[in-house]
Amino acid sequence: HNHTQRISLDHDFEVLYEKACEAGIETAFSRAKQTPVPCPFGSAGVCCRHCLEGPCRIGFNGKGPQEGICGANGDTIVARNLLTMMIEGAAGHAEHGRETALALLEASEGNSDYQIKGVEKLYQVAAGLGIETNGKAVEDIGKQVALKALEDFQKQAGAMNWLTLHAQQQSIDKWDELGITPVNVHLEISKAVTRTSMGCDADPVNLLLGCLTMGLVDGFGGLHLSSDLQDILFGVPKLVKSNFRLGVIKKEMVNIAVHGHVPLLSEKIVEWSRKLSEEAKAAGAAGINVVGICCSGNEVLMRHGIPAASSFSSQELVIVTGMLEAMVVDVQCIMPGIQKVAECYHTEIITTLPYVNIAGSTHVDFHTDKADKAAQDIVRKAIANFPKREHQKITSFTGTVEAYAGFSNEQIIEALSALNKEDPLKPLLDAIASGAIRGVAAIVGCTNVREFQDWGNVTVAKELLKNNVLVVATGCSAHSLAKHNLMNMQGLEYCGESLRGVLKAIGQAVGLESLPPTLHMGSCVDNSRPADLLTAVANRLGVEVKDLPAVGSCPETHSPKALVIGTYFLANGVDVHVGVNPQVSGSQFVTDVLCNGAKDDGLNLEKLFGGKLIYEKDPVKAAAILLRRIEEKRLALGLSS
Ligand code: SF4
Ligand code: FE2
């Protein structure tokens, strides 16, 4: 592929990119071309701007300054910058968790537009937290669970409740011994910001341990807490069939894109787009069509089968179709660039959170006690924009790709139960033990404007499928896989024969032709789901998660959030591949700790936890490394070769 000419494996976006270029509309893809080479110092992680004496930077190959003005050396600067990225990623997910906890509290107290829909999940989580449920009303239990969640932002001693709820005891012991177990989300984030500030932590080992704490904050206070509480509020996702690619945007409909991450808003937009369809008809449209972008898209896909229009990197190009009446955003991964693109069309960008505004866009304040009102306002704004379309500016697409989604662990277990009611995990374990399935891989993370969109995600997936690895996916990577037939039956041709056999056996037990080649497990916070699946398998086998032939891969990441999710998996001993420069190459020490196998007596991820960071740009080579790691772990477990 000619990466300088082409931007995406999805041809529709190339059509729109060309259209945008011809019309002089700037997008992230064209802006990326204006700085073809990122700053080498920042790329290596050796640029420090933690104080007003600096910015300082470390020269390469021992030439030029080897310390900042304060005496911080390259190892400290690199480790500190890495921790700064971790904090940013974890804070976003933790804020997501906190907002969801408050939403559950308000729903339980009755002063909210939301109700508890996932009652079964509520009982399950309550039991896990040791909350007495006998004879109590659902709202009572909901309130207790919400308060336990909020404790994870307040308590001053012990371990986070959500960590104790989900982690294996062996892992907790290890984390305690290293002193990295988080006490509460805010305390740890505040501590980490302090330790990275000028004149504090200057020990690269200690700073890297701080990164691991952030990984645990993210994994439990961000991912698990958010998924659990969202399942309680909105219900546990179940198998759904929907569509991907730009054909999901309908010319005759009022099109509303939901974009961002926290599903509180997008759930209500979906609800009111259905209730107000008559008003859209009165405005001359055939109805209202909601489409998803990024993880807001994944959330409403998983629970309502809403089709998906775009992953992260092409979000601006969706507007260039000329058919979007509104793009409603909440938080995270929203490019400021959407506003300027929207100004070239009739599209209205609507921000909804007081701390996420975009200059020039419309703001509709969104809160749980006024959610219905806000959603109605937003949907009506979109309807009002429909007659403003400029028909000569429209580019419509007809192609869509079918995709199955909704693979919560509950759904996976339900499917497996059809094969073995008493011991649902057994068919999966048998397949792994016999080698019919070599291992499990989670392909996660983003799409990145500097990468050829979808290529890395799809290539890693196809290589692993061919070699009989069970692949699950979340986030924008799931968009990539879905768009290229890896979530429908056509993609079964990419699977090795034995994997295909297992997928068919499980799928047919629940009335499908087969399970799809890759399983969509949800949004980025839903990386809690593959984590829980691994924990269940490990517990059932009486081993640790680190012992399992399981890997994570993040081929096209762009976000610090993906780095901190990866760190959570590393703290559990799972190998994590990134296909994009993690910006640590300026320190051989940091690189060794993260990426190289056990070498000496110092801190080493693989020695401490059982897995390591693998940085490999080439997706084919990356898959080969992951396959090798899977086989090594199989061997150590005594599984058939
Ligand atoms: Fe330079 Fe130290 Fe200030 Fe960083 S903290 S900018 S290395 S003086
Ligand atoms: Fe995401």
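Basis of the calculations
- Residues numbered from 1 in each chain as written.
- Chains lettered and ligands numbered in written order.
- Predicted model: local features only at pLDDT ≥ 70, side-chain atom pairs only at ≥ 80, totals over all residues.
- Heavy atoms only, no water.
- Helix = DSSP H or I, 4+ residues; strand = E, 2+ residues; numbered from the N terminus.
- Contact = heavy atoms within 4.5 Å.
- Areas by Shrake-Rupley, 256 points an atom, 1.4 Å probe, with all protein chains shown as cover.
- Lys, Arg positive; Asp, Glu negative; His and termini not counted.
- Charge placed at Lys NZ, Arg CZ, Asp CG, Glu CD.
- Buried < 20%, exposed > 50% of the residue type's maximum accessible area, 1.4 Å probe, protein only.
- Donors = N, O, S within 2.8 Å, 3.2 Å for Na, K, Ca; no water.
- Phe/Tyr/Trp six-rings, centres within 6.5 Å; stacked < 30°, edge-to-face > 60°.
- Lys NZ or Arg CZ within 6 Å of the ring centre and 35° of its normal.
- Domains from an automatic or database assignment.
- Buried area = accessible area lost by both parts, 1.4 Å probe.
- Salt bridge = Lys/Arg side-chain N within 4 Å of Asp/Glu carboxyl O.
- Polar contact = N/O pair within 3.5 Å; in protein donor to acceptor, adjacent residues only side chain to side chain.
- Core = buried A, V, L, I, M, F, W, Y, C linked by side-chain atoms within 4.5 Å.
- Near = heavy atom within 4 Å.
- Nonpolar A, V, L, I, M, F, W, Y, C, P; charged D, E, K, R; others polar.

Break down the overall build of the chain for me, with residues and values.
For the chain, the helix and strand inventory stands at 26 helices and 16 strands. Along the first, second and third principal axes, the C-alpha atoms of the chain reach 70 × 65 × 50 Å. Counted over contacts in the chain with a minimum sequence separation of 6, partners at least 24 positions apart contribute 75%. As presented, the chain carries roughly 23,200 Å² of accessible surface, and 52% of it is formed by carbon and sulfur atoms. Of the charged side chains in the chain, 58 are positive and 72 negative, and the gap between their average positions amounts to 4 Å.

Lay out unusual backbone geometry in plain terms, naming residues and giving numbers.
Put simply, Gly 54 and Pro 55 share a cis peptide bond, and its omega is 0°. Along the polypeptide, Pro 55 turns up in the loop between β1 (47–48) and β2 (56–57). Notably, Cys 294 is not glycine yet its phi reads approximately 50°, a positive angle. Exposure remark for Cys 294: the relative accessible area of 1% places this residue in the buried category.

Lay out helix α20 (residues 475–483) in plain terms, naming residues and giving numbers.
By the criterion of burial, α20 is predominantly enclosed, with nine of the nine residues buried. If you check which residues of α20 are buried, you get Gly 475, Cys 476, Ser 477, Ala 478, His 479, Ser 480, Leu 481, Ala 482 and Lys 483. Phi turns positive, to about 70°, at Asn 485, one or two residues after α20.

So what's going on with the coordination of the iron ion (ligand 2)? Which residues, and what values?
Ideal values differ by geometry: the angle at a metal is 109.5 degrees with four tetrahedral donors, but 90 or 180 degrees with six octahedral donors. At 2.2 to 2.4 Å from the iron ion (ligand 2) lie its protein donor atoms, namely His 261 (NE2), Cys 295 (SG) and Cys 524 (SG). For the iron ion (ligand 2), all donor residues lie on one chain, and their spacing in sequence is H-x33-C-x228-C. Of the two residues, His 261 sits in the loop between β4 (254–260) and α11 (263–275) while Cys 295 sits in helix α13 (residues 294–304), which places them 34 residues apart along the sequence. What makes Cys 295 buried here is its relative accessible area of 0%.

Lay out the packing of aromatic side chains with the relevant residues and their values.
One pass over the full model with this rule turns up seven aromatic pairs. Ring geometry for Tyr 114 versus Phe 234: centroids 6.0 Å apart, planes at 65°, classification edge-to-face. Of the two residues, Tyr 114 sits in the loop between α4 (74–109) and α5 (119–128) while Phe 234 sits in helix α10 (residues 204–234), which places them 120 residues apart along the sequence. Among the residues examined, Phe 234 registers a relative accessible area of 8% and is labelled buried. Within the aromatic cluster, the residues linked to one another by ring pairs are Trp 175, Phe 220, Tyr 568 and Phe 569. In this structure, Lys 275 is placed above the aromatic ring of Trp 272, and the distance from its NZ or CZ to the ring centre is 4.5 Å.

Provide a residue-level description of the domain arrangement of the chain, including the pertinent values.
The assigned domain composition of the chain is domain 1 (11–62), domain 2 (74–234), domain 3 (246–393) and domain 4 (407–637). Using C-alpha coordinates to define each centre, domain 1 is positioned 29 Å away from domain 4. In this assembly, 13 residues from domain 1 lie in contact with 10 residues from domain 4. Overall, the association of domain 1 and domain 4 removes approximately 830 Å² of surface from exposure, summing both partners, and the carbon and sulfur fraction of that is 56%. On the domain 1 side of the contact with domain 4, Phe 29, Ser 43 and Ala 44 bury the most area, a combined 42% of that side's loss. Where domain 1 meets domain 4, there are zero salt bridges. The tally of links from domain 1 across to domain 4 stands at four residue pairs in polar contact (both at pLDDT 80 or more).

Explain the nonpolar core to me, using residue names and the numbers behind them.
If you look at the biggest cluster of nonpolar residues, it comprises 181 residues, and the most contacted ones within it are Val 145, Trp 175, Met 214 and Leu 464. When neighbours within four sequence positions are excluded, Met 214 is seen to be in contact with Leu 83, Met 86, Ile 87, Ala 90, Glu 188, Ile 189, Ala 192 and Val 564.

An account of the site of ligand 1 is requested, with residue identities and associated values reported.
Around ligand 1 lies a shell formed by Cys 48, Cys 51, Glu 53, Gly 54, Cys 56, Gly 68, Ile 69, Cys 70, Ile 77, Arg 80 and Met 198. Residues that form the shell around ligand 1 fall into these classes: seven nonpolar, two polar and two charged. Counting contributing residues, the shell around ligand 1 receives three or more from each of domain 1 (11–62) and domain 2 (74–234).

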